[in-house]
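# Understanding the architecture of this molecule
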Amino acid sequence: SEFKKFSQNGYAKAVLDFHVKSINNNYTEITFETRILALDYSSYRDMRIYWSIITPGIWIVRKMWLLAIKKRAEYMQRKLSE
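Residues numbered from 1 in each chain as written. Predicted model: local features only at pLDDT ≥ 70, side-chain atom pairs only at ≥ 80, totals over all residues. Heavy atoms only, no water.

Now for the packing of aromatic side chains. According to the stated counting rule, one finds five aromatic pairs in the structure shown. An angle of 40° between the planes, with centres 5.9 Å apart, marks the rings of F32 and W65 as tilted. In this pair, F32 sits in strand β2 (residues 27-38) while W65 sits in helix α2 (residues 41-81), placing the two residues 33 residues apart along the sequence. Judged by relative accessible area, which is 34%, W65 ranks as partly exposed. The interplanar angle of 35° and the centroid separation of 6.1 Å between the aromatic rings of Y41 and Y44 together place this pair among those described as tilted. With Y41 and Y44 both in helix α2, this residue pair falls three residues apart, about one helical turn. A network of ring pairs unites the aromatic residues F18, F32 and W65 as a single cluster. Above the plane of the ring of F3 lies K13, whose end atom (NZ or CZ) is 5.1 Å from the centre. Positioned over the ring face of W59 is R62, at 5.5 Å from the centre of the ring. (Phe/Tyr/Trp six-rings, centres within 6.5 Å; stacked < 30°, edge-to-face > 60°. Helix = DSSP H or I, 4+ residues; strand = E, 2+ residues; numbered from the N terminus. Buried < 20%, exposed > 50% of the residue type's maximum accessible area, 1.4 Å probe, protein only. Lys NZ or Arg CZ within 6 Å of the ring centre and 35° of its normal.)

This part is about the pairing of strand β1 (residues 12-24). For a regular strand, side-chain orientation follows a simple rule: the groups alternate between the two sheet faces. In this sheet, β2 lies alongside β1 in antiparallel orientation, the contact comprising twelve bridges. Bridge pairing in β2 places S22 opposite T28. Hairpin remark: β1 followed by β2, antiparallel, with two residues in the connecting loop. (Pairing = 2+ DSSP bridges.)

So, about the pattern of salt bridges. Overall, the coordinates contain five salt bridges when judged by the stated rule. Among the ionic pairs, K79 bridges to E82, the shortest N-O distance being 4.0 Å. For K79, a relative accessible area of 41% translates into the label partly exposed. For E82, a relative accessible area of 72% gives the class exposed. (Salt bridge = Lys/Arg side-chain N within 4 Å of Asp/Glu carboxyl O.)

Here we come to α2. Largest kink in α2: about 50°, centred on I54, with the proline P56 one to four residues after it. Three or more residues of α2 are buried, namely S43, M47, I54 and R62. Each element contacted by the buried residues of α2 is listed here: β1 and β2. (Bend = angle between axes of the 7 residues up to and from the residue. Contact = heavy atoms within 4.5 Å.)

This is the structure:
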């Protein structure tokens, strides 16, 4: 509730969501969603600049997360099969 109430100018609020959906025994879909709410125009402008700079790094980090998730899931599948 504190996060929802926060509305101080000069800031932006961000939420990152991972969603895991089992499609069948061999396939799982993982999605990422990032939402950002700038609380005033200045924050909006600053956030656009910041986001344009870090976007390539964000994709690298997400790729690393996906590879780690895949590796862990495959490891767990092997363990369950033993």
